[in-house]
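Understanding the architecture of this molecule
The chain contents come next:
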Amino acid sequence: MNPVVILEVHLDTGTARLRRLPEARAALGGSGLAATLFSQYARPTEAWDHPDQPIIFAIGPLTGYFPLMSKTVCAFVSPRHGGYAESHAGGRSALALRFAGLDALVLVGRAPRPSVVHVGAHHVSVQDAGYLWGMDALSCAKLIRRQISGSGHRSIWRIGVAGERRSPMACINVDTFRHFGRLGCGAALGAKNIKAVAVTGEEHQTLPTGKGYAALYADIFRDLTDTEMMHKYHNLGTPENLEPLDALQALPWRNLQATSKPEAIGSMSGQHFADTALLRNAACAGCPVGCVHIGFVREKFLPQDNRYLYRQVSYDYEPIFALGTMLDLRAPTEVLALLDDVEKAGLDAMSAGVALAWATEAMERGIITEAHTGLRLAFGATHVYREAITRMAEARQEFWAHLAQGADAAAQVYGGADFACVLGQEMAGYATGETFFVSQALGLRHSHLDTGAYSYDQANPPQDTAAAVRFLVGDEAERVLLTSMVACLFARKVYSRERLAQCLTAIGMGDLASDLAATARILQARRWQQRLAFGFNPTAIPIPRRFTEVVTWRGPVDAHYLAELQKAYAQAIKALAAEVPA
Amino acid sequence: MKRLVAARMDRCIGCHSCSLACARLVHKILSWEHAGIRISSSGGLTTGFQAEVCLACDPPPCAAACPTGSLKARPGGGVVRNKSLCIQCGQCVPACPVGAIAQDRAGDIYVCIHCGQCVPFCPHDCLELVEVGS
C-alpha cells in the first residue's frame, strides 16, 4: 500500500522535509490523519500561538478519485479555546494537494517576516511578502495569482486583516467563495506570519487498471447528478432552509430574541435570494453538484451620477442567518454587502454576525454605549454594520478589540453574558432545541456539522437523554468517516459505509475497507483524545440563558432537560476518548 | 466525423469533471491538467471559466510542427495521434495557437481526440459532440 505523504514546511528557516508514513494510512485521511499528525506535532503545554504548534492541511485516500471527495481538513490549535480544532473547506484546495502529490501539508515554526508559502509537486518556498500585510483577502489573492502560474489548477489560501490581528473569528479564505471558517484558523496562520499559502497541483497520479473503478465512478456520478438526492443543493441551495425553519419557530432573529418573523421571512427566503440576487452557481473542483450560489452587490459610488460598481459574493444559509436574520436585515442586497465586507476582512461570517448581534442588543440595553463603540448600532442598520465589521477586524479601539475576541469574551468585560449566543463559539443558525444546543456547545468542532442534531430536534423525538446521546455519538462516528475520506458532507446520502468500502477497494485500498465502523469509532476517539489533551472539559462549557428562553414550535426549551443532556453527552465524550489507548 | 465543441462555457461551474473524465477514460490517469480538455479561470472564479481544448483546426498547425508524423491531420479538423511515433519533442505545444496541447514533465503530450467521453460528465451541458461531415 502507498504510504501517506506529508510535506513538513519549517517557516522559520524556509526548509522542508518530506515524510512517508505507512502507519498513518490506518487513519485514512482528513480528520483521522489530522488528529494523528496533531498528536505528533502539537504541544499541549504551550499556548495556541507558540511557534511550534502546527497547522495541518489533510486530504483523504479518495480525494480526487471520486466525485465530491473535494474537501480539505485544516487542524490547528484554536485561539478560541486553546485546543485541537478542525475547520473544513473545499474550493480547489483538496485537488491541488492531491496533484501536488501530498496527503498532508504541515506548517511549523514562525516565519521571521510576513511571508507566502508556495508548494507544488516540484516546488516549495517561503517567500517574504511584507507588501501583502494589511491587504484585504481579495486583493491579496489577485496579486498572488499574478505571481504564481497555473490558472485553474492552483489553490490560494489567505487571511485578511482579522487573521493578522489574531482574532479568534478570523478565517482563511480559500480561492474565491470558500473558507476554512471557524475557530480562528486565520489567526493561527497570522500568528505564524503567513499571509497566504498557494498550492499548485501540476502532477497526475496513477489509477487502478481494469474497468471496475471507472464503472463505479460513473455510478456514483449518476447518483449525484441524475437523481433527486442533491437537488436541494444546486437549486436554491442551503438557503432553502430559511422559510421552513422560520415556520417552525427555529430561525434565530435579532440575537435570538425571536425564532420566527412571518412578516419578514419573505424578504429573506432562499427563493427571494434566487429571484433578486443570484447570478450563477459554481463548484468545488471535483464536484458536479455546484452548490456555490453567487449573488451580486451593486453600489452607486458617485451619488450625483450614474456610476456603479459591482461585486460577486457567495451566499449560503448560515451567512444569511448570521448577517441577515440575526441582525434583522430585510433585503438580500444588504446581507450580501455585509458578506462582502467580512470576506475582505477575513472574518468568519457566522461569528462576525452573531458577535454584532450581541453588541447591538447590549447597546439597546445600555450595557454599552456609543462612547464604547463610536457607532450607533441598531438592528437593521446595514450601513452601521459595514463600518462595524471593519472596526472589529482591525481591533484597534478598545471595544472592538474585545469584541474581536468573541461575543462571550466581550461580555466578560462589559456584562451581557446571558444573551451572548455562544455555544463553544458563536452559534450556528439553528434554534431547533435542546439536542442542537448541546451538540454545538460540546461538539468537537463546535459546528452545526459535527452531528445532525438540528435534524434530530426537528423529528420531534420524546425527551430521552440516553437516546439523544446515542444519536449524537453514532452520528458523529458516521461523519468522522466521511470527513476522513474527505467527502463533502452534502454527499452523505450517496456515500454510505458500503459505498465507501467499494471505493477504497476499487482504488486498491481494500484492506482499509474491512471494518469501517470500527475504524470510524477509533478515529472518533482519537479526535476526542486530542481535544481533551489540551484541557477541554465538556461539563464546564456554558450554555447561556438566552438558549433556555427560546420558544420553538414545540414550546419553551426545557432548561432541566438541556442540563441533563449536557451532563450525559459530556460523560459519553469522556468515555469515547477512553475507548482506545492514548 | 464528430468534433467536440465547448459550446456553452458560460454555464461552466468549474467542477473539472470533463478534465477528470478525459484523464480517467482516455489516458488512464488521475489528473485535471494532463487531459485533452482543461478548465481555467481568468483570474479568480468571478470572471467565469474557459476550456483549453482543441478547436479542430483544418489544417492543424500542430501536425505541421510534428517532425515524426505522430500527429496527423484528422478528417473534419484536429489531429489523430499515433503515440508510438511520438519522441516527446514538444514542438506541437507552442504550435497550437490556442494553448490546447499540454505536456507533462516526462514529455508526454495531451491533446483532444474528439472522442466525446467527457461530454456526459459535464453537469451543465457545456460540451457537445457535433457532426462536422467527413
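Reading the values: rules and limits
- All chains use their own residue numbering, which begins from 1 and follows the written sequence.
- Lettering of chains starts at A and numbering of ligands starts at 1, both following the order in which they are written.
- For this predicted model, a pLDDT threshold of at least 70 governs which residues receive local features, and a threshold of 80 or more governs which side-chain atom pairs are given and counted, while totals over whole chains, interfaces and linings are taken from all residues.
- Hydrogens are left out, water is left out, and the side-chain values use all remaining heavy atoms of the structure.
- Starting at the N terminus, helices and strands are each numbered in turn, a helix being any DSSP run of H or I of at least four residues and a strand any DSSP run of E of at least two.
- Between buried and exposed lies partly exposed: a residue is buried under 20% and exposed over 50% of the maximum accessible area for its type, with that area taken using a 1.4 Å probe on protein chains only.
- We call two residues in contact whenever any of their non-hydrogen atoms come within 4.5 Å of each other.
- Per-residue and other accessible areas follow the Shrake-Rupley method at a 1.4 Å probe size, with only the shown protein chains counted as cover for residues.
- In this count, Lys and Arg are taken as positive residues and Asp and Glu as negative ones, while His and the chain termini are left out.
- Where a charge sits is defined by one atom per residue type, namely NZ (Lys), CZ (Arg), CG (Asp) or CD (Glu).
- Taken over C-alpha atoms, the radius of gyration is set against a globule rule of 2.2 Å times the number of residues to the power 0.38.
- Two N or O atoms count as a polar contact when they lie within 3.5 Å, although within protein this holds only if one can serve as hydrogen donor and the other as acceptor, and sequence-adjacent residues are included solely when both atoms are side-chain atoms.
- Polar here means any residue other than Ala, Val, Leu, Ile, Met, Phe, Trp, Tyr, Cys and Pro, which are nonpolar, and Asp, Glu, Lys and Arg, which are charged; Gly is therefore polar.
- Only strands that DSSP links by at least two bridges are regarded as paired with each other.
- Working convention: axes come from line fits to C-alpha atoms, limited for helices to the stretch in contact. Angles between N-to-C directions cover 0 to 180 degrees.
- The rule for a disulfide is simple: a pair of cysteine sulfur atoms within 2.5 Å.
- The predictor attaches a confidence to each residue, called pLDDT, with possible values from 0 through 100.
- Salt bridge criterion: a side-chain nitrogen from Lys or Arg within 4 Å of a carboxyl oxygen from Asp or Glu.
- For this quantity, the arc is that covered by the directions from the helix axis to the C-beta atoms.
- For classification, angles of less than 35 degrees are called roughly parallel, those exceeding 145 degrees roughly antiparallel, those between 65 and 115 degrees roughly perpendicular, and all remaining angles oblique.
- Take the far helix as the reference: if the near one is turned anticlockwise from it by less than a right angle, the crossing is left-handed, and if turned clockwise, right-handed.
- Put simply, a nonpolar core is a bunch of buried Ala, Val, Leu, Ile, Met, Phe, Trp, Tyr and Cys residues held in one set by side-chain atoms that sit within 4.5 Å of each other.

The helix and strand inventory of chain B stands at three helices and nine strands. Helices and strands in chain B line up, N terminus first, as β-α-β-β-β-α-β-β-α-β-β-β. Dimensions along the principal axes, computed over C-alpha positions, put chain B at roughly 40 × 35 × 25 Å. Within chain B, the fraction of its 134 residues that count as buried is 49%. Sequence-distant contacts, at least 24 apart, represent 53% of the contacts inside chain B between residues at least 6 apart. By element, 52% of the accessible surface of chain B is carried by carbon and sulfur atoms, the whole surface being about 5,700 Å². When the 12 positive and 9 negative side-chain charges of chain B are each reduced to one mean point, those points stand 5 Å apart.

Of the regular secondary structure elements, chain A holds 23 helices and 20 strands. In terms of overall size, chain A behaves like a compact globule, its C-alpha atoms giving a radius of gyration of 22 Å where 582 residues would be expected to give roughly 25 Å. Counting only C-alpha atoms, chain A reaches 65 × 55 × 50 Å along its principal axes. When each of the 582 residues of chain A is scored for burial, the buried share is 64%. Partitioning the contacts of chain A with sequence separation of at least 6, the portion at a separation of at least 24 is 68%.

What follows deals with the interface of chain A and chain B. How big an interface is tends to be expressed through the accessible area that disappears when the partners come together. Contact residues are listed per partner, giving 40 residues for chain A and 32 residues for chain B. Our count for the contact surface shared by chain A and chain B stands at eleven residue pairs in polar contact (both at pLDDT 80 or more). Classifying every residue of the side of chain A that touches chain B gives 18 nonpolar, 15 polar and seven charged.

To continue, consider the sheet that holds strand 11 (residues 178-180) of chain A. Residue and element names in this part refer to chain A. One open sheet holds the six strands; their spatial order is 8-7-12-9-10-11, and the pairing between them is mixed. Two strands close off the open sheet at either side, each with one partner strand: strand 8 (123-128) and strand 11. Averaged over neighbouring strand pairs, the angle between their axes works out to 20° when direction is ignored. Two strands pair when backbone bridges link them, and strand 9 (residues 154-158) and strand 10 (residues 172-174) are joined in this way by two bridges, in the antiparallel orientation. Directly across from R158, in strand 10, lies its bridge partner N173.

All told, the structure shown has zero disulfides over all chains when counted by the stated rule. Sulfur of C284 of chain A: no disulfide; nearest cysteine sulfur belongs to C291 of chain A and is 6.1 Å away. Left without a disulfide partner, C112 of chain B is nearest to the cysteine sulfur of C54 of chain B, which lies 5.8 Å away. For C112 of chain B, a relative accessible area of 7% translates into the label buried.

To continue, consider the confidence of the model for chain B. Looking at chain B, the pLDDT average stands at 94 and 96% of residues meet or exceed 70. Of the two predicted TM-score estimates for the complex, the pTM is 0.97 and the ipTM is 0.93.

Another aspect to go through is the side chain of T435 of chain A. All names here are of chain A. Structurally, the position occupied by T435 is in helix 17 (residues 434-442). Given a relative accessible area of 2%, T435 falls into the buried group. Every residue in contact with T435, bar those within four places of it in the chain, is listed here: A453, Y456, D457, A468, L472 and L565.

This part takes up the pattern of salt bridges. Residue and element names in this part refer to chain A. What the rule picks out here adds up to 38 salt bridges over all chains. Salt-bridge contacts for R311 lead to D340; the nearest nitrogen and oxygen are separated by 2.3 Å. Placement of R311 in strand 16 (residues 307-315) and of D340 in helix 11 (residues 332-345) is noted, with a sequence separation of 29 residues between them.

This brings us to the sheet that holds strand 14 (residues 278-282) of chain A. Residue and element names in this part refer to chain A. In spatial order, the strands read 14-15-16; together these three strands make up an open sheet with antiparallel pairing. With partners counted over all chains shown, the strands left at the sheet margins are strand 14 and strand 16, one partner each. Looking at each pair of strands side by side, their axes are set apart by 30° on average, direction ignored. In this sheet, strand 15 (residues 292-302) lies alongside strand 14 in antiparallel orientation, the contact comprising four bridges. In the strand pairing of strand 15, A282 is matched with V292. In the packing of helix 9 (residues 270-277) onto the sheet, the strands contacted are strand 14, strand 15 and strand 16, and the crossing angle to strand 14 comes to about 105°.

Looking now at the environment of C291 of chain A. Along the chain, the position of C291 of chain A falls in the loop between strand 14 and strand 15. Since its relative accessible area comes to 13%, C291 of chain A is described here as buried.

Once that is clear, we can look at helix 9 of chain A. Residue and element names in this part refer to chain A. Residues of helix 9 that are buried: G270, F273 and A277. End-on, the buried residues of helix 9 take up no more than an arc of 75°, which puts them together on one face. The elements touched by buried residues of helix 9 are helix 8 (242-247), strand 14, strand 15, strand 16, helix 10 (317-323) and helix 11.

Moving on: the packing of helix 19 (residues 465-483) of chain A against helix 23 (residues 559-577) of chain A. All names here are of chain A. Relative orientation of the contacting elements helix 19 and helix 23 amounts to 45°, with a least axis distance of 9 Å. When the axis of helix 19 is compared with that of helix 23, the two are oblique. When the axes of helix 19 and helix 23 are compared, the crossing they make is right-handed. Here T465, A468, V469, L472, V473 and E476 of helix 19 come into contact with helix 23, specifically with Y561, E564, L565, A568, Y569, A572 and L576. Across the contact of helix 19 with helix 23, the residue classes tally to ten nonpolar, one polar and two charged.

Here the focus is the side chain of Q529 of chain A. All names here are of chain A. You can see Q529 is positioned in helix 21 (residues 516-533). Judged by its relative accessible area of 15%, Q529 is buried. Excluding residues within four positions of it along the chain, Q529 makes contact with A577, V580, P581 and A582.

With that settled, the discussion passes to the packing of helix 6 (residues 212-226) of chain A against helix 1 (residues 17-25) of chain B. Orientation of helix 6 of chain A relative to helix 1 of chain B, taken along the N-to-C sense of each, is 160°, at an axis distance of 11 Å. One way to sum up the angle between helix 6 of chain A and helix 1 of chain B is to call them roughly antiparallel. When the axes of helix 6 of chain A and helix 1 of chain B are compared, the crossing they make is left-handed. Where helix 6 of chain A abuts helix 1 of chain B, its residues Y213, A214, Y217 and F221 of chain A lie against S17, L20, R24 and L25 of chain B.

A few words now on the nonpolar core. Residues and elements named next belong to chain A. Grouped together as the largest cluster of nonpolar side chains are 129 residues, with contacts concentrated most on L347, W358, M392, L403 and Y569. Examining the composition of this core, we find that eleven residues originate from one element, helix 12 (residues 349-364), more than from any other. Not counting the four nearest positions on each side in its chain, W358 is found in contact with N255, F399, L403, A407, A410, A411, G415, G416, F419 and A420.

Turning to the pairing of strand 9 of chain A, a few remarks are in order. Within strand 9 of chain A, five of the five residues are buried, which leaves it mostly tucked inside the rest of the structure. Of the two faces of strand 9 of chain A, both are covered, the one formed by R154, I156 and R158 of chain A as well as the one formed by S155 and W157 of chain A.

For residues other than glycine, phi is negative in most cases, and the peptide bonds are mostly trans. Here the amide bond leading from M485 of chain A into V486 of chain A is cis, since omega sits at 5°, within 30 degrees of zero. Inspection of the secondary structure puts V486 of chain A in the loop between helix 19 and helix 20 (497-506). The step from D58 of chain B to P59 of chain B runs through a cis peptide bond, and the omega angle for that step is 10°. As for its placement among the helices and strands, P59 of chain B is situated in the loop between strand 4 (49-53) and helix 2 (61-65). The residue R166 of chain A is not glycine, and still its phi comes out positive at about 60°. Take R166 of chain A: its relative accessible area is 30%, and that puts it in the partly exposed class.

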